[in-house]
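# Summary of structural features
Take a look at the letters that make up each chain.
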Amino acid sequence: MNLAELIKKSYGSADLIFVSHQLEIDYARKSLEAAENENVGYEEFLEKHKEFLRSQNCSDEHIERQILKVQDLSNYFSND
C-alpha cells in the first residue's frame, strides 16, 4: 500500500479524525515507515496529510486540529 493510501486509512471514513480507532493507528504507524522508505521528509509528510484533508473539503480549523495529532508521536502507539 502506498503512502497516500496509508494516510487516508489513518483517518475515520465518517469523521476524518486521525487515529481514533486501533486499525487507524496501525495504518498511521505504517505510513511513517512508508514515508521513510519513499524518502519523504517531515514537512512533506505533514503536507500530504493536509492535501488529503483538503481533498475531503475539511475546514482549515479541522485540518489544524488533525495536523496537531499527526505531529504527536504518542498517537502512533496503542500500548499506552
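A brief structural summary. (Residues numbered from 1 in each chain as written. Predicted model: local features only at pLDDT ≥ 70, side-chain atom pairs only at ≥ 80, totals over all residues. Heavy atoms only, no water.)

## Points about the packing of helix α3 (residues 42-55) against helix α4 (residues 60-71)
For the pair α3 and α4, interaxial distance at closest approach is 10 Å and the crossing angle is 145°. For the crossing formed where α3 meets α4, the hand is right-handed. Taken together, the residues of α4 that come into contact with α3 (itself represented by Tyr42, Phe45, Leu46, His49, Lys50, Leu53 and Arg54) are His62, Ile63, Gln66, Ile67, Val70 and Gln71. Class assignment for the residues of the contact of α3 with α4 results in seven nonpolar, four polar and two charged. (Axes fitted to C-alpha atoms, helices over the stretch in contact; angles between N-to-C directions. Helix = DSSP H or I, 4+ residues; strand = E, 2+ residues; numbered from the N terminus. Left-handed = near helix turned anticlockwise from the far one by under 90°. Contact = heavy atoms within 4.5 Å. Nonpolar A, V, L, I, M, F, W, Y, C, P; charged D, E, K, R; others polar.)

## As for the nonpolar core
Counting residues in hydrophobic clusters, the biggest one holds 22 residues, and the most contacted among them are Leu3, Tyr11, Phe18, Phe45, Leu53 and Val70. Every element with two or more residues in this core is listed here: α1 (3-9), α2 (22-37), α3 and α4. With sequence-adjacent residues up to four places away left out, Val70 is seen in contact with Tyr11, Phe18, Phe45, Leu46, His49 and Tyr76. (Core = buried A, V, L, I, M, F, W, Y, C linked by side-chain atoms within 4.5 Å. Buried < 20%, exposed > 50% of the residue type's maximum accessible area, 1.4 Å probe, protein only.)

## Structural notes on the layout of surface pockets
Looking at the largest pocket, its volume works out to about 160 Å³. Taken together, Leu32, Ala35, Glu36, Val40, Gly41, Tyr42, Phe45, Val70, Gln71, Leu73 and Tyr76 make up the lining of the largest pocket. With three residues, the single largest contributor to the lining of the largest pocket is α2. Partitioned by chemical class, the residues of the lining of the largest pocket number eight nonpolar, two polar and one charged. (1 Å grid on protein atoms, 1.4 Å probe; cavity = no way out; pocket = protein on both sides within 12 Å on 5 of 7 lines; lining within 4 Å. Points joined across faces, edges and corners; volume = space filled by probe spheres on them.)

## A closer look at the packing of aromatic side chains
Using the criterion set out here, one finds three aromatic pairs in the structure. For the pair Tyr11 and Phe18, a centre-to-centre distance of 5.3 Å together with 55° between the ring planes defines the contact as tilted. The exposure classification of Tyr11 matches that of Phe18, with both residues buried. For Tyr11, a relative accessible area of 4% puts it in the buried group. (Phe/Tyr/Trp six-rings, centres within 6.5 Å; stacked < 30°, edge-to-face > 60°.)

## Considerations on α4
Along its twelve residues, α4 runs 16 Å from first to last C-alpha, staying within 8% of the 16 Å computed at 1.5 Å per residue. Burial in α4 covers these residues: His62, Ile63, Gln66, Ile67 and Val70. One side of α4 holds all its buried residues, which, seen down the axis, span an arc of 130°. Seen from the open side of α4, the exposed residues pointing more than 90 degrees away from its buried face are Glu61, Glu64 and Leu68. (Expected span 1.5 Å × (residues − 1). Arc of directions from axis to C-beta.)

## Section: the environment of Val40
Topologically, Val40 is positioned in the loop between α2 and α3. When the C-alpha positions of Val40 and Ser20 are compared, they lie 24 Å apart, and in sequence the two are 20 residues distant. Contact partners of Val40, with chain neighbours within four places excluded, come to Leu3, Ala35, Phe45 and Lys48.

By themselves, these observations are geometric and do not establish any function.
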